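Examining the three-dimensional arrangement
Each chain is listed here by its residues.
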Amino acid sequence: MQIAKVRGTVVSTLKDPSLRGVKLLLLQLVDEEGQILPIYEVAADYVGAGVNEWVLLSRGSAARKLDGSEQRPLDAAVVAIIDTVNVDNRLIYSKKDDYQ
Amino acid sequence: MQIAKVRGTVVSTLKDPSLRGVKLLLLQLVDEEGQILPIYEVAADYVGAGVNEWVLLSRGSAARKLDGSEQRPLDAAVVAIIDTVNVDNRLIYSKKDDYQ
Amino acid sequence: MQIAKVRGTVVSTLKDPSLRGVKLLLLQLVDEEGQILPIYEVAADYVGAGVNEWVLLSRGSAARKLDGSEQRPLDAAVVAIIDTVNVDNRLIYSKKDDYQ
Amino acid sequence: MQIAKVRGTVVSTLKDPSLRGVKLLLLQLVDEEGQILPIYEVAADYVGAGVNEWVLLSRGSAARKLDGSEQRPLDAAVVAIIDTVNVDNRLIYSKKDDYQ
Amino acid sequence: MQIAKVRGTVVSTLKDPSLRGVKLLLLQLVDEEGQILPIYEVAADYVGAGVNEWVLLSRGSAARKLDGSEQRPLDAAVVAIIDTVNVDNRLIYSKKDDYQ
């Protein structure tokens, strides 16, 4: 999985019928030092993530292992909202401190 | 999923029989600031997208989750026509304004 | 899918038994302006493509959706021989003109 | 698979229910000469790997072939703790020597 | 598939039980002109490839289409030992000549 920050939303009316009611977030990937990368992904949100939160992004067929998404043409999904990221015993991110 | 702009079409007579009747669009990927990237994908179109429209592109096995595509050797499909893209509460793209 | 040009062949005697009789082509990828890229793929050919022809390349599990390839350890296949590629109403490639 | 070094952990409370109890490690990839790369992956740990150990990382649907992970939205997993890496008869890494 | 050269081995004692007895080779990828690239993959060997041989590497779920590998968390496998690679009617590689 990759670490990503919620940046916005993508809205569509004309789409595959299976995608009705699926919230699509625009995520920007974060590197292992906590920097935002110029790489994004539009991902289905199943956990209720909000703008600026850091989340875990799963790609590929993993995006269809969430309840109800088995038959949807999704290749990316938010699977968790991150509380903390620790690297070498250093706290890179804490939702409590960094996100308001 | 990635955001992409419809740029053209690819036509083939000699192909796997399962691909008969499938419309193949040439898409060019768009970055998170709305710029066109030098990256393309040829994708099956199931939603009736037209040239210059912005669409959502799903890749991998997701492309075979659209009705009727289960047994086709596809690794990319247009799954939605985009109405709006919002990043940091800024409207990056609106079909109504930007597409004529 | 990606657009690719057939450049050559790969021959192997010692291989997984399921690959017996499968023709393996060396393809070089082509960009959205028709330029050959320094990226290649060795792909199973199921449509009878010849050297210098432009083809459509499917990667990943899509390569095993062609008749008879379901149980083969393939991650790339030629799924179509391209007749024409159109970008912005400009003909980037025409088999009739460019291939002899 | 890729060779990776365990660098830290990612903790999440709000997540897909299937991910409860799954330990998520932050891994940094290692190149074929043993250098740490600026590429990371957050992977499920099923083998009990510790910080600084070198492990084998499987990505994609392979991450769901570990016992109990079949229905989890995972696209990366630690599948082995590495004892030794040999390249051209040279020992690039030995757990016994390099890891304390 | 990609062309790769066998460079070494990776050994592990603590691993997913399904990987017992699976030989893991360290491969380095080769480009379309026969040059070794700074890209590697650790792949399961099912065809008995030896150091310095050129092989075909399949990645993703293809790696689990070899007999007995269906339930193993593998994302890369050697599927063939290459005899010859021909590009533009030029012999890029011949096992008989180049490998001793």
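Residues numbered from 1 in each chain as written. Chains lettered and ligands numbered in written order. Predicted model: local features only at pLDDT ≥ 70, side-chain atom pairs only at ≥ 80, totals over all residues. Heavy atoms only, no water.

1. Focus: the overall build of chain A
Helix and strand counts for chain A stand at one helix and seven strands. Counting from the amino terminus, helix and strand elements in chain A follow one another as β-β-β-β-β-β-β-α. In summary, chain A has a C-alpha radius of gyration of 14 Å against a globular reference of 13 Å for 100 residues, a match within 12%. C-alpha extents for chain A along the principal axes are approximately 45 × 25 × 20 Å. The buried share of chain A, taken over its 100 residues, is 58%. Across chain A, every contact between residues at least 6 apart in sequence was considered, and the portion connecting residues at least 24 apart equals 48%. (Helix = DSSP H or I, 4+ residues; strand = E, 2+ residues; numbered from the N terminus. Rg over C-alpha atoms; globule rule 2.2 N^0.38 Å. Buried < 20%, exposed > 50% of the residue type's maximum accessible area, 1.4 Å probe, protein only. Contact = heavy atoms within 4.5 Å.)

2. Things to note about the relation of the copies chain E and chain C
Each copy superposes on the other: chain E lies on chain C with an RMSD of 0.0 Å after a rotation of 72 degrees and an axial shift of 0.0 Å. The two molecules are tied by a five-fold rotation axis, judged by turn and shift. Of the interface residues in chain E, just 4% have counterparts in chain C that sit at the interface too, so the contact is made through distinct surfaces. (Least-squares fit on C-alpha atoms with pLDDT ≥ 70 in both.)

3. Here we look at the side chain of R72 of chain A
Its place among the elements puts R72 of chain A in the loop between β4 (54-59) and β5 (76-81). Look at R72 of chain A: it is buried, it has no salt bridge, and the nearest opposite charge is E70 of chain A at 7.2 Å. Within the structure, R72 of chain A has its side chain in polar contact with the side chain of Y46 of chain A (distance 2.9 Å). A distance of 3.3 Å separates a polar atom in the side chain of R72 of chain A from the backbone oxygen of G68 of chain A. Residues contacting R72 of chain A, with those up to four places away along its chain left out, are S18, L19, R20, V22, Y46 and R64 of chain A together with K65 of chain B. (Lys, Arg positive; Asp, Glu negative; His and termini not counted. Salt bridge = Lys/Arg side-chain N within 4 Å of Asp/Glu carboxyl O. Polar contact = N/O pair within 3.5 Å; in protein donor to acceptor, adjacent residues only side chain to side chain.)

4. Thoughts on the relation of the copies chain A and chain D
Superposing chain A onto chain D takes a rotation of 72 degrees plus a shift of 0.0 Å along the axis, which leaves an RMSD of 0.0 Å. Counting the interface residues of chain A, we find that no more than 4% of their copies in chain D are interface residues as well, pointing to two distinct contact surfaces.

5. A look at the packing of aromatic side chains
Residues and elements named next belong to chain A. The final tally for this structure, using the stated rule, is five aromatic pairs over all chains. With a centroid separation of 4.1 Å and 5 degrees between ring planes, the pair formed by W54 and Y93 is classed as stacked. With W54 in strand β4 and Y93 in strand β7 (residues 90-94), this residue pair connects regions lying 39 residues apart in the sequence. Note on accessibility: W54 and Y93 belong to one class, buried. (Phe/Tyr/Trp six-rings, centres within 6.5 Å; stacked < 30°, edge-to-face > 60°.)

6. Here we look at the interface of chain E and chain C
Tallying the contact residues gives 25 residues for chain E and 28 residues for chain C. Taken over both partners, the interface formed by chain E and chain C buries close to 2,300 Å², and the fraction arising from carbon and sulfur atoms is 50%. When the buried surface of chain E facing chain C is broken down by residue, M1, E32 and K65 of chain E rank first, second and third, together holding 32% of it. Of the charged contacts in the structure, one is a salt bridge between R7 of chain C and D88 of chain E, with a shortest N-O distance of 2.4 Å. One can count 18 residue pairs in polar contact (both at pLDDT 80 or more) joining chain E with chain C. The set of elements that each furnish at least two residues to the side of chain E that touches chain C consists of β1 (2-11), β4 (54-59), β5 (76-81) and β6 (84-87) of chain E. Taken together, the residues of the side of chain E that touches chain C break down into 14 nonpolar, five polar and six charged. One ladder, built from four bridges, connects strand β1 (residues 2-11) of chain C with β6 of chain E; its direction is antiparallel. Looking at β6 of chain E, one finds that V11 of chain C is bridged to T84 of chain E. (Buried area = accessible area lost by both parts, 1.4 Å probe. Nonpolar A, V, L, I, M, F, W, Y, C, P; charged D, E, K, R; others polar. Pairing = 2+ DSSP bridges.)

7. Quick look at the interface of chain A and chain D
At the junction of the two partners, chain A supplies 25 residues and chain D supplies 28 residues. Here chain A and chain D share an interface that buries about 2,300 Å² over both sides, 50% of which is from carbon and sulfur atoms. It is M1, E32 and K65 of chain A in chain A that bury the most area against chain D; as a group they hold 32% of the surface buried on that side. The interface formed by chain A and chain D holds one salt bridge in total. On inspection of chain A and its partner chain D, the count reaches 18 residue pairs in polar contact (both at pLDDT 80 or more).

8. A few points about the environment of W54 of chain B
Exposure remark for W54 of chain B: the relative accessible area of 8% places this residue in the buried category. Residues within four places of W54 of chain B in sequence aside, it is in contact with I3, A4, K5, V30, G34, I81, I82, V85, I92 and Y93 of chain B.

9. Observations concerning the nonpolar core
Within the largest apolar cluster, 120 residues are counted, with the highest numbers of intra-cluster contacts made by I3 of chain A, I3 of chain B, I3 of chain C, I3 of chain D together with I3 of chain E. If near-sequence neighbours (up to four positions away) are discounted, I3 of chain C is found in contact with V10, L26, Y40 and V42 of chain B together with L29, V30, W54, V55, L56, I82 and V85 of chain C. (Core = buried A, V, L, I, M, F, W, Y, C linked by side-chain atoms within 4.5 Å.)

10. Description of the pattern of salt bridges
A side chain of one charge can pair with a side chain of the opposite charge if their charged atoms are brought near each other. Residues and elements named next belong to chain E. Inspection of the entire model under this criterion finds 15 salt bridges over all chains. Its salt-bridge partner being E41, residue R59 comes within 2.9 Å of it at the nearest N-O pair. Taken as a pair, R59 in strand β4 and E41 in strand β3 (residues 36-45) lie far apart in primary sequence, 18 residues in all. A relative accessible area of 30% means that R59 is categorised as partly exposed.

11. Quick notes on the pairing of β6 of chain E
Residues and elements named next belong to chain E. Here β6 runs beside strand β7 (residues 90-94); their pairing, made up of four bridges, is antiparallel. Residue pairing in the sheet places V87 in a bridge with R90 of β7. Where β6 hands over to β7, the hairpin turn is made up of two residues, of which D88 adopts a positive phi near 50 degrees.

12. Points about the side chain of E32 of chain D
In this fold, E32 of chain D is placed in the loop between β2 (24-30) and β3 (36-45). There is a polar contact of 3.3 Å between the side chain of E32 of chain D and the side chain of Q28 of chain E. Those residues within four positions of E32 of chain D in sequence are excluded, and the remaining contacts are V87 and I92 of chain D together with L26, Q28, P38 and Y40 of chain E.

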